[in-house]
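Each chain, written out:
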Amino acid sequence: MSEEEIEAPEEQAPVEVVEEKPIAGIGTLVFGKYDASEVVCRDPGLAPYINLSTVGTPHTGGRHANAWFGKAKLSVVERFINKLMRTGKYTGKKQGAIKAFEGALDSMAEKSGENPLQSFVDAICHAAPMEEITRIKFGAVSQPKAVDSSPSRRLDVALAHLAAGAQQGTSKSKRTLTQCIINEITKASQGDVTSFAVAKKEEVQRIAASAR
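Anyway, here's the lowdown on the structure attached to this text.

Criteria and thresholds
Residues numbered from 1 in each chain as written. Predicted model: local features only at pLDDT ≥ 70, side-chain atom pairs only at ≥ 80, totals over all residues. Heavy atoms only, no water. Helix = DSSP H or I, 4+ residues; strand = E, 2+ residues; numbered from the N terminus. Core = buried A, V, L, I, M, F, W, Y, C linked by side-chain atoms within 4.5 Å. Buried < 20%, exposed > 50% of the residue type's maximum accessible area, 1.4 Å probe, protein only. Contact = heavy atoms within 4.5 Å. Expected span 1.5 Å × (residues − 1). Arc of directions from axis to C-beta.

1. Digging into the environment of Ser53
Looking at the element boundaries, Ser53 is found in the loop between strand E2 (34-35) and helix H1 (76-84). With 23 residues separating them in the primary sequence, Ser53 and Val30 have C-alpha atoms 9.3 Å apart.

Have a look at this one:
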């Protein structure tokens, strides 16, 4: 067979890769604005437990309240909002807490030009304690003992302390809840010790280190 009879392989046209953008309203964008798929968790222990996949509207109506580890199915956005309305003058006011947190994210995005959810996740990572203390009883004497915190417990404690820090900032002050959320999350995301959540984490870990 001559070289002329050998047919050259047909050149295949390049395949265009179309990137699918998230659609608002089906649980891909937080408040229909912020893409949760861009967020990176730098703590490998917390990464599997931080749920940002179903965050269309942060209100499930207690659907997972009585389920075994049902809180894992909630987004961290809704869990943080629920923590904000646990005690104090914001008790039970979920719509107010949602608007305050949404306003905080909007202000943070406007100031930094970046995804505010990344700052929120960074704040959780810096506020999550690695170890805590428990009391073990030897006869009539109880002694403190340092124990490692599970990832689920670390996430619970971090969200609770971030919400408590935002709440305490509004007491005896003219600052709104939105301003206090911005202040707390911004400081905690940088690991600043002046943040309530980071200060509590350092305190707990210091006590645990002395109880080893």
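Still more to cover.
2. Observations regarding the nonpolar core
Buried together is how nonpolar side chains tend to be arranged in soluble globular proteins. Of all hydrophobic cores here, the largest spans 43 residues; its most connected members are Phe80, Phe101, Ile124 and Ile181. Those elements that place two or more of their residues in this core are H1, helix H2 (94-112), helix H3 (116-127), helix H4 (151-168), helix H5 (177-189) and helix H6 (196-210). Setting aside residues up to four positions removed in sequence, Phe101 forms contacts with Phe31, Val77, Phe80, Ile81, Phe120, Ile181 and Ile185.

3. Focus on unusual backbone geometry
Most peptide bonds take the trans configuration, and most residues that are not glycine carry a negative phi. You will see that Phe31, though not glycine, has its phi angle at about 55 degrees, which is positive. Residue position: Phe31 is located in the loop between strand E1 (29-30) and E2. Residue classification places Phe31 among the buried residues on the basis of a relative accessible area of 14%. Unusually for a residue other than glycine, Lys172 sits at a positive phi of about 55 degrees. With respect to the element layout, Lys172 can be found in the loop between H4 and H5. Lys172 gets classed as exposed once you look at its relative accessible area, which sits at 90%.

4. Considering H2
Along its 19 residues, H2 runs 27 Å from first to last C-alpha, staying within 8% of the 27 Å computed at 1.5 Å per residue. Considered for burial, the residues of H2 that qualify are Lys94, Ala97, Ile98, Ala100, Phe101, Ala104, Leu105, Met108 and Ala109. Looking down the long axis of H2, one finds its buried residues gathered within 165 degrees of arc, a one-sided arrangement. Seen from the open side of H2, the exposed residues pointing more than 90 degrees away from its buried face are Gln95, Lys99, Glu110 and Lys111. Buried residues along H2 sit against E1, E2, H1, H3 and H5.

5. Topic: H4
Between the first and last C-alpha of H4 there are 26 Å, a value that for 18 residues agrees with the 26 Å anticipated at 1.5 Å per step. The buried count for H4 comes to 13 of 18 residues, which makes it a mostly enclosed element.

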